[in-house]
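Geometric and topological summary
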Amino acid sequence: MSETVPTSWLVYCRPGFESDALAEMQHHAKRHDVSCEPAHGEGWASLTRTDGEPINDLHRLAAFGKLIFARQSLAALPALALSRDDRLTAILEQIKNSRWSFEEIWHETPDTNDGKALAGLIKALTKPLQSMLKKRGALRGKAGGRRLHIFWTDGDRVQLGMSFPGNRSELLNGIRRLRFPSRAPSRSTLKLEEAWHEFIPREEWDARLGEHMQAADLGAAPGGWTWQLVQRGMYVYAIDNGPMDKQLMLTGQIDHLKEDGFTWEPPQRLDWLVCDIVDKPVRVLAMVERWLTRKWCREAIFNLKLPMKKRWDEVTRCLTTLEDALESAGVHGKVTCRHLYHDREEVTVHVQLAN
Ligand SMILES: C[S@@+](CC[C@H](N)C(=O)[O-])C[C@H]1O[C@@H](n2cnc3c(N)ncnc32)[C@H](O)[C@@H]1O
């Protein structure tokens, strides 16, 4: 039997964002001159090489850390149709033919109700599959940190994918589940918390999200994001015409200014700018550009709301504009953007200035 090679690049995404995830993948395929066939289903998208060659180079070059709409990124084998009487044999056979070895196995599903309904089936199959793969030597103690992902799109359909350390999400289904802090004034609070987890390595939190730092929160009311900043011990200029949460204001760490976030200027250089104003991406971007090119803050996190159809096109246009503006102002900074789990029709952008 000839070896089965991974010819597909499979990513998970938020349901409804498949065409954006695909547009992003196709951008990378084109850039690296790889001809592919697209496919997608609810909560996932894939590209399969038309020449039947392994996808590994494209998968590696389109680094996960730089992808916007992908929650997970895998080098995948052809999708498998399973018999409902014996699901394991086809999976074992494909793994044998691929000659894959790995250190762990994750069973995952699309982020849909149908996906969640597969939990019982997955639970029943997890242990038997694990022990069979161990016996066959595919699942072993040391295998370069590789992980096998079994992506269940239905009770009788799976796609097997491989992930590699440094080029993947370390979260099951690529989803960061956070507990809602009961004292926070709004659910939006989780967007900023997730953004910090995403963009700032944990060991740098004390230095970059430290006590006595100063922040501006534009579009702050009722205060979910401000609450996060205050929790870190920061002093916050909360800019919004709307009312701030009373309990939060009692901390004494907030200056609530009923001003226009698009024109307000900070009294001195701040550590952080955060902005959750619902407005046109170009408007938010022009304001953020002004802050960054004048170095009014060291780091910024802001949302770009994307009610339009071609979200990938809009996001890339915005990011290119921002990077060009920084470059022509001679300001060095790292721009990263992600469609976070707690983001809906929006993406979150992080900028860290070099000095
Ligand atoms: C999505 S809410 C922000 C929620 C907030 N991040 C939280 O966690 O509670 C958007 C806010 O932006 C405010 N807003 C809209 N336009 C604004 C402007 N030009 N300047 C300041 N705030 C504005 C609205 O009043 C609203 O409170």
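Model, not experiment: these values are computed from the prediction.

Here we come to the UniProt feature "domain: Ribosomal RNA large subunit methyltransferase M THUMP-like" (unreviewed entry) in the protein chain. The sites that carry the UniProt feature "domain: Ribosomal RNA large subunit methyltransferase M THUMP-like" (unreviewed entry) are, in the present numbering, residues 86-164. Taken as a whole, residues 86-164 contains 42% helix and 25% strand, while its terminal C-alpha atoms sit 29 Å from one another.

Burial analysis of strand β8 (residues 157-163) places six of its seven residues in the buried class, the great majority of the element. Across two bridges, strand β4 (residues 72-76) lies against β8 in antiparallel orientation. Residue pairing in the sheet places A75 in a bridge with M162 of β8. Sheet analysis places strand β5 (residues 80-81) next to β8, joined by two bridges and oriented antiparallel. What sits directly across from A81, in β8, is R157. Sheet analysis places strand β7 (residues 147-154) next to β8, joined by seven bridges and oriented antiparallel. Counterpart to H149 in the pairing with β8 is G161. Hairpin connection between β7 and β8: a loop of two residues separates the two successive antiparallel strands.

This part is about the packing of aromatic side chains. Summed over the entire model, instances satisfying the criterion amount to seven aromatic pairs. Where Y12 meets F151, the ring centres are 4.3 Å apart and the plane angle is 15 degrees; that geometry is what we call stacked. On the criterion of sequence distance, the pair formed by Y12 in strand β1 (residues 8-12) and F151 in strand β7 is long-range, its members being 139 residues apart. Comparing Y12 with F151 shows no difference in burial state: the two are buried. For the ring pair Y235 and Y237, a centre distance of 5.5 Å and an interplane angle of 80 degrees mean the geometry is edge-to-face. Taken together, the ring pairs connect Y235, Y237, W264, W291 and W296 into an aromatic cluster. Seen from the ring of W205, R202 lies directly overhead, with NZ or CZ sitting 3.9 Å from the centre. Of note, R283 hangs over the ring of F262, and the distance from its end group to the ring centre comes to 3.9 Å.

For the rest of this paragraph, the subject is the pattern of salt bridges. All told, the structure shown has 23 salt bridges when counted by the stated rule. The partner of D51 in a salt bridge is R49, and the shortest N-O contact between them spans 2.8 Å. A network of salt bridges, in which partner residues are shared, links E104, R147, R168 and E170.

What follows deals with the site of the ligand. Around the ligand sit 18 residues in total, of which S186, D240, D260, G261 and D276 are the nearest. Between the ligand and G224, the relevant distance is 2.8 Å, taken from an oxygen atom to a main-chain nitrogen or oxygen of the residue. One of the backbone nitrogen or oxygen atoms of G261 is found 2.8 Å away from a nitrogen atom of the ligand. When the ligand is considered free in solution it has 600 Å² of accessible area, and contact with the protein chains removes 74% of it. Its residues assigned to classes, the shell around the ligand comprises eight nonpolar, six polar and four charged.

The rules we used
Residue numbers run consecutively from 1 along every chain, following the written order of its sequence. Reporting in this predicted model follows two pLDDT cut-offs: at least 70 for local features of residues, and 80 or more for side-chain atom pairs to be given and counted; totals over whole chains, interfaces and linings ignore these cut-offs and use all residues. To get the side-chain values, take all heavy atoms of the structure and skip hydrogens and water. UniProt positions are given in the numbering used here, feature names are shortened, and annotations may be inferred rather than shown by experiment. Numbered from the N terminus, helices here are DSSP runs of H or I no shorter than four residues, and strands are runs of E no shorter than two. Throughout this description, buried means an accessible area under 20% of the type-specific maximum (1.4 Å probe, protein chains only), exposed means over 50%, and partly exposed covers the range between. Pairing between strands is defined by DSSP: at least two bridges between them are needed. Think of it this way: a Phe, Tyr or Trp ring, Trp meaning its six-membered ring, pairs with another when their centres are within 6.5 Å, and the plane angle makes it stacked under 30 degrees, edge-to-face over 60, tilted otherwise. The rule for a charge over a ring is simple: NZ of Lys or CZ of Arg within 6 Å of the ring centre, and within 35 degrees of the ring normal. We define a salt bridge as a side-chain nitrogen of Lys or Arg found within 4 Å of a carboxyl oxygen belonging to Asp or Glu. Nearness is judged by heavy atoms alone; a residue qualifies as near a molecule or strand once a single heavy atom is within 4 Å of it. Within 3.5 Å is the distance limit for a polar contact, defined as a pair of N or O atoms, with the added protein rule that one can donate a hydrogen and the other accept it, and that residues adjacent in sequence qualify only through two side-chain atoms. Per-residue and other accessible areas were derived by the Shrake-Rupley procedure at a 1.4 Å probe size, with only the shown protein chains allowed to occlude residues. Asp, Glu, Lys and Arg are counted as charged, while Ala, Val, Leu, Ile, Met, Phe, Trp, Tyr, Cys and Pro are counted as nonpolar; the rest, among them Gly, fall into the polar class.

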